[in-house]
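Working through the structure, step by step
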Amino acid sequence: MGEQGVKLAKTTENTSRFIGHLMNDIRAMDWMLANNMFETGITRIGAEQEFCLVTEDWRPSNRAVEILSKIDDPHFTTELAKYNLEINLDPVELKGNCFTKVEQQLTELLQKASKISEENNTKIILTGILPTIGKEHLSLDYITPKPRYFALNEKLLQLKKENFHLHLQGVDELTIRHDSVLFEACNTSFQLHLQIDPDDFISSYNWAQAISGPILSVCTNSPILLGRELWNETRIALFRQSIDTRTVSTVIKEQPPRVGFGLEWATGTASDIFKNNIAQYKNILFKEIEKNSFEEVKQGKIPKLEALNLHNGTIYPWNRACYGVGNGKAHLRIENRYIPSGPSILDEMANFALWVGVMIARPKKFDDMSTIMNFKDAKSNFIKAARYGKDALLIWEDKHVTIKQLMENIMLPLAYRGLASLNINTTDIQRLLGIIEQRVNGKSGAQWIVRNFRELNKIYTKDTSQRLLARAMYKKQKLNTPINQWADIKNNEVLKKESLKVGHVMSTHLFTVQENDLAVLVVNIMDWKNIHHMPVENEQGQLVGLLTHTHIRKFQNNTDIHRSIVRDIMTTNVITVKPETTIKNAIALMKNKEIGCLPVKDQNELIGIVTIKDIIAFDHD
């Protein structure tokens, strides 16, 4: 999430001063481009590894800050939520055994984090979206206590002027309002960096956009969110909506979201990409900057371009243009942000090799992308890849192709050729791209998760299924075998019993009726669907009563139900609980009140119902 020493601009003077530095940074970049002040003739790769921290019962942990302090390694840093951390790997020159070097460092750092985490009753998992994240983990109680994160949350809410609204539809559907940016924290990625010479930056950037759909299609690993089966790579839609500051308007206008694919092919120079971002996206954060970057470059110095980098860090294109300084030299690079974390280190390294190889081997005819491919085809490919993964049908050079055809006939040959042209270790090329070939003909992370989640749901509660998924991911990642070799989860696996809460076992698939509905219709619906408890709402969607078979039988003995409405036969003495109520307390309440169900409310809104049947199912798990 970027550097930490920032805050909200509280005054016009603060904002004006920062914007002045931003303009100086753009002038400085233009000067540097015109005077060949960027490093050229060398290519480096780098990566950022985000990972999840979980408790011993496989739920999100809240101990990131504590564990980070015990790791005590500058390669590690915080993320937005208390259950995520990030590793910044050292840049490596793209040659010889560079992928082995990256893999070794990544493995060593993850092992270090894992050892310290487990000494503190916490485990680490690599996955695009942790299956056990629940609504309770998306409150501000779980935001990392750093000024930058609170400032970011405050400013984005100011721009939104209302709560964020999330609507995702895949096999299942998820619609929810939320009052913070914490949904963004559900996304865990393996971000890839590739240094690019300035003269080739625009062609390389457009090529990175064009290949995003094909690359993503075989890397998907995030199909489950809050127990719903959504997109193959749900992160793509989730990240966009979780910090979308645009407000609903009566005017049709193309205002881009802060997370997105873009609107058109890039043109001009690298500087123009940054200029477009400044023009399209409001500045939301501020920091004190002392040096004038434009004056520095005129003196032959290499500036940090602090204002530009801060602004750039608050917009999230899936391929991001980046400016950096290393060893006293300025460079430009492309950051690939759409690859998910996991399923294993080997899978991540294979994804890395695939992307870099294809980037390097760009055919000459794609130098001017606008003459070869319609931008909306590239954008459509990306969305379809995120939705359907390996099952997507994409457009390449005006032809519809399957992922298998596209990977085997175009992308993989390009990747082999690109890596070989740089004299990358032959063993690494064969090993890593071989994993991609096996995945193309086998299964992706998303496919493995979906298949196992569906099978587990036939036997266990949804909460238990999610925890079994998380535990299986952890165990298989320890073996570091690629996803294509992962066996399915055995149905006889059991979890240690824990003190569960109502929110873990409640049913969220609710049938509700309104108080003015005809009673005879509702009674028949309850009979058809074998429903024993039916919540009753008023026209405002508020819980006002409950229908049960017991109340219906009592009423039928005294009155003609055909002449009645629901309000006449419902009970208004409804006892409710919150999702954080423990199962033990819920059972005690049902016994004490001699009732068979408890509607579950969160912030006065009905979100579920827990019954004796749910409790029994939990005991059987």
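Shown above is the structure to which this text applies.
As a starting point, this report considers the structure included with it. (Residues numbered from 1 in each chain as written. Predicted model: local features only at pLDDT ≥ 70, side-chain atom pairs only at ≥ 80, totals over all residues. Heavy atoms only, no water.)

On a plain count of helices and strands, the chain comes out with 22 helices and 21 strands. What you see for the chain is a C-alpha radius of gyration of 27 Å, in line with the 25 Å of a compact globule of 621 residues. Projected onto the principal axes, the alpha-carbon positions of the chain cover approximately 95 × 55 × 55 Å. Looking at the chain residue by residue over its 621 residues, the buried ones come to 56%. As displayed, the chain has an accessible area near 27200 Å², and 48% of this comes from carbon and sulfur atoms. With 76 positive and 73 negative side-chain charges, the chain shows a separation of 2 Å between the mean positions of the two kinds. (Helix = DSSP H or I, 4+ residues; strand = E, 2+ residues; numbered from the N terminus. Rg over C-alpha atoms; globule rule 2.2 N^0.38 Å. Buried < 20%, exposed > 50% of the residue type's maximum accessible area, 1.4 Å probe, protein only. Areas by Shrake-Rupley, 256 points an atom, 1.4 Å probe, with all protein chains shown as cover. Lys, Arg positive; Asp, Glu negative; His and termini not counted. Charge placed at Lys NZ, Arg CZ, Asp CG, Glu CD.)

Taken in spatial order, the three strands of this open sheet run β17-β18-β19, and their pairing is mixed. Sheet topology places β17 (513-514) and β19 (543-548) at the edges, where each strand pairs with a single neighbour. The strands touched by helix α18 (residues 519-528) within the sheet are β17, β18 (533-537) and β19, with β18 carrying the most contacts at an inclination of about 145°. (Pairing = 2+ DSSP bridges. Contact = heavy atoms within 4.5 Å. Axes fitted to C-alpha atoms, helices over the stretch in contact; angles between N-to-C directions.)

Once that is clear, we can look at the nonpolar core. The biggest cluster of nonpolar side chains holds 165 residues, and the ones touching the most others in it are F99 and L225. Within the second largest apolar cluster, 13 residues are counted, among which are V513, V523, I552 and I569. (Core = buried A, V, L, I, M, F, W, Y, C linked by side-chain atoms within 4.5 Å.)

Evaluation of the coordinates by the stated rule reveals 30 salt bridges. In this structure, R44 engages E39 in a salt bridge whose closest nitrogen and oxygen atoms are separated by 2.7 Å. According to the relative accessible area criterion, R44 is partly exposed, its value standing at 23%. One salt bridge connects R439 with D347, and the closest N-O pair in it is separated by 3.1 Å. Pair noted here: R439 is in helix α14 (residues 426-441) and D347 is in helix α11 (residues 345-360), with a separation of 92 residues, a long-range link. For the pair formed by R439 and D347, the shared burial category is buried. One salt-bridge network, held together by shared partners, links D57, R59, D463 and R467. (Salt bridge = Lys/Arg side-chain N within 4 Å of Asp/Glu carboxyl O.)

Let us now look at helix α3 (residues 98-119). Relative to the 32 Å expected for 22 residues at 1.5 Å per residue, α3 spans 32 Å between its end C-alpha atoms, a close match to the ideal helical length. Inspection of α3 places C98, F99, V102, E103, Q105, L106, L109, L110, A113, S114, I116 and S117 among the buried residues, and these make up the whole buried set. In the segment just after α3, N121 is the residue with positive phi, at about 55°. (Expected span 1.5 Å × (residues − 1).)

Put plainly, two cysteines are in a disulfide when a covalent bond ties their sulfur atoms together. Taken as a whole, this structure holds zero disulfides when the rule is applied. C52 provides the cysteine sulfur closest to C186, a residue in no disulfide bond, and the two sulfurs are 9.1 Å apart. The class of C186 is buried, set by a relative accessible area of 1%. Its sulfur unpaired, C322 is 19 Å from the next cysteine sulfur, which belongs to C219. (Disulfide = S-S within 2.5 Å.)

With that settled, the discussion passes to the packing of aromatic side chains. Under the defined criterion, the tally for this structure stands at 19 aromatic pairs. Each ring, one from Y83 and one from Y142, has its centre 5.8 Å from the other, and the planes form 55°; the classification is tilted. Placement of Y83 in the loop between β2 (76-78) and β3 (84-88) and of Y142 in the loop between β5 (123-125) and α4 (147-160) is noted, with a sequence separation of 59 residues between them. For the pair shown, Y83 and Y142 are each scored as buried. Grouped by ring-pair contacts, the aromatic residues F239, F261, W265, Y316, W318, Y338, F375 and F382 constitute a single cluster. The ring centre of W58 lies 5.3 Å from the NZ or CZ of K123, which sits over that ring. The side chain of K123 reaches across the aromatic face of Y474, ending 5.9 Å from its centre. (Phe/Tyr/Trp six-rings, centres within 6.5 Å; stacked < 30°, edge-to-face > 60°. Lys NZ or Arg CZ within 6 Å of the ring centre and 35° of its normal.)

With that settled, consider the packing of helix α15 (residues 445-457) against helix α16 (residues 462-479). Between α15 and α16, the shortest axis-to-axis distance is 9 Å and the interhelical angle comes to 140°. Regarding the angle of α15 to α16, the classification is oblique. Crossing of α15 over α16 shows right-handed handedness. In contact with W448, I449, N452, F453, L456 and N457 of α15, α16 contributes K462, S465, Q466, L468, L469, A472, M473 and K476. Considering only residue class, the contact of α15 with α16 consists of eight nonpolar, four polar and two charged. (Parallel < 35°, antiparallel > 145°, perpendicular 65-115°, else oblique. Left-handed = near helix turned anticlockwise from the far one by under 90°. Nonpolar A, V, L, I, M, F, W, Y, C, P; charged D, E, K, R; others polar.)

For helix α8 (residues 270-280), the set of buried residues is A270, S271, I273, F274, N277 and I278. Along the long axis of α8, the arc covered by the buried residues comes to 160°, so they all point the same way. Along its buried surface, α8 packs onto α1 (12-34), α5 (201-210), α10 (306-312), β13 (319-326) and β14 (329-336). (Arc of directions from axis to C-beta.)

Attention now goes to the environment of Q477. Locating Q477 in the fold gives a position in helix α16. Sequence separation between Q477 and K365 is 112 residues; the distance between their C-alpha atoms is 41 Å. A distance of 3.0 Å separates a polar side-chain atom of Q477 from the backbone oxygen of P343. (Polar contact = N/O pair within 3.5 Å; in protein donor to acceptor, adjacent residues only side chain to side chain.)

The next point concerns the pairing of strand β1 (residues 44-54). By the criterion of burial, β1 is predominantly enclosed, with 10 of the 11 residues buried. Note: β1 against strand β4 (residues 92-93), two bridges, orientation antiparallel. Looking at the pairing, I45 lines up with V92 of β4. Pairing between β1 and strand β8 (residues 190-196): five bridges, direction antiparallel. In the strand pairing of β8, I45 is matched with L194. Bridge count between β1 and β3: five bridges; the pairing is antiparallel. Among the inter-strand pairings, C52 is bridged to a residue of β3, identified as N84. Two elements, β1 and β5, share three bridges in a ladder whose sense is antiparallel. Looking at the pairing, C52 lines up with I125 of β5.

Right, let's talk about the environment of N604 for a bit. Structurally, N604 can be placed in the loop between β20 (597-602) and β21 (605-611). Note: C-alpha distance between N604 and K578 (26 residues apart in sequence) is 9.4 Å.

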